[in-house]
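# Descriptive structure summary
What follows is the residue order along each chain.
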Amino acid sequence: MLQEGIYYQKGTTPGKHLSLIFLRLNKDKSTENIRQDIEGLWKICHELKKGRIKDLPGVDLPIESLSILIGYGKNIFSIDGLNKTIPSDLNQFGSFRKPKANGGGKLLIGSGLSYSNKVYKNVATEDIVLQFIGDTELSVSRPVVEIWKFISDTDNDIELSKFYKGFQREDHRSWIDFHDGISNMKSGDERFDAISIKPSTGLDNWTELGTYLTFIRLSVNLKEWRYLSLKEQEIAVGRMKLTGCPVEKIKDSVAFPSLGCPFTGTNSITDKINGKYVNKSFFEPPVTVDLETRLSHVQRANQHRSPSSSRDSLRVFRQGYEFLEHIDEYPGFSAGLNFISFQDTPERIQRMLTQPTWLGNTNFGGKEDDENPKLDSLLEVLASGIYFVPPVNENESFPGEIIFKQIETAHNNV
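Residues numbered from 1 in each chain as written. Predicted model: local features only at pLDDT ≥ 70, side-chain atom pairs only at ≥ 80, totals over all residues. Heavy atoms only, no water.

### Some thoughts on the state of the cysteines
Working definition: the covalent bond between the sulfur atoms of two cysteines is a disulfide. A full pass over the atoms with the stated rule returns one disulfide. Disulfide pairing places Cys245 opposite Cys261 at an S-S distance of 2.0 Å. Across the disulfide from Cys245 to Cys261, rotation about the S-S bond amounts to roughly -90 degrees, and the bridge is consequently left-handed. Separated by 16 residues along the polypeptide, Cys245 in the loop between helix H6 (230-237) and strand E6 (247-251) and Cys261 in the loop between strand E7 (254-257) and strand E8 (272-273) bring together distant segments of the chain. (Disulfide = S-S within 2.5 Å. Helix = DSSP H or I, 4+ residues; strand = E, 2+ residues; numbered from the N terminus.)

This is the structure we're talking about:
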């Protein structure tokens, strides 16, 4: 089954805070020593779930609904003597392009996303990623320190190379003030069918019911965004700014919302009556024949293809978290999104970002050849990575142990 930390089921809601920790291994060690290092690391993580840390023996700390997920990058499969070879989809689609040596450069050939000119090295491409989701900032910050303690105390050659944090917004808007990320796949079967790796009879059958995590840390150029008029912003996003209603059509450079949105008695699609989202049917952008509307961001990113189990649907389950951090340059902060998605193959996200009818050759939205100049660098990539997230196997000490040693599985595949 899928690891925890992927909130695809009905009635489940992710915690408000996120941290992602990227770890690099010493690949000169034996496979067994590396396995033991990860096993020790995983024990520390599970002590945190119980509210316990090494330096406070006997003290029960708040648990705060912490969930933990582990994923493996492409590079880890270069270790000699592993029990498993790299999954074929990770091998074929499991990496983004490197930034240029002097900064910047395309994330993928055919994509409109590029690294920031200040990014010379992609620090999110490592051997292991750990995802922590919890209800408080402390719950996802403490793992960073406790993992550092573990590495320092045991001298086991694991390097904590980078961590990122994020949070969810109560207003359901993004930093550009729109509800551009509110539509997502329906919880339950639709999400599961897009997320879970399908049965296989080949060498990859041990990956069944695992998934792939894609991470892209995107900064938003708010200065350029605010130069756009309200009409330009609404056409680019495909939603009305104040109400969040999806755009149905565009005529004479004016966007028109879906008829009846929002319902009488509400001012925005996220307003509730008696605790319920009465405008929830407007969370999804409509299927429209208006060609200009179909070029907007929300239409390009969600084309309603089904079934979600087909990789050609290019459906992915998004579970992103916003970020805001200090920088020394003007304006003194960097705002953006930790884009995180889960899918049964990273091929889905690579095709979504590169195919012209989806987000290919466009940074945010609009026509490929005459995208508004203020939109052509609205989003910049600060870091990116793709990780295989193995299924849970009750015979393992930690998810993915089978990569390092023989383990009994449901397929009796050791």
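### With respect to the nonpolar core
One finds Tyr72 and Leu130 to be the most contacted residues of the largest nonpolar core, which totals 72 residues. Per-element accounting of this core gives the leading share, six residues, to helix H1 (residues 31-49). Ignoring any residue separated from it by four or fewer positions in sequence, one finds Leu130 in contact with Ser19, Leu20, Ile21, Leu23, Leu41, Trp42, Cys45, Leu69, Ile70 and Ile147. Residues Leu2, Tyr7, Val129 and Phe342 belong to the second largest nonpolar core, which totals 24 residues. (Core = buried A, V, L, I, M, F, W, Y, C linked by side-chain atoms within 4.5 Å. Buried < 20%, exposed > 50% of the residue type's maximum accessible area, 1.4 Å probe, protein only. Contact = heavy atoms within 4.5 Å.)

### Some details on the pairing of strand E2 (residues 67-72)
Burial of E2 is extensive: six of the six residues sit out of reach of the surface. Judged by which residues are buried, E2 turns out to be covered on both faces: Ser67, Leu69 and Gly71 on one side and Ile68, Ile70 and Tyr72 on the other are all buried. Sheet topology places E2 next to strand E3 (residues 128-134); six bridges connect them, and they run antiparallel. Following the sheet pairing, Ile68 is matched in E3 by Phe132. (Pairing = 2+ DSSP bridges.)

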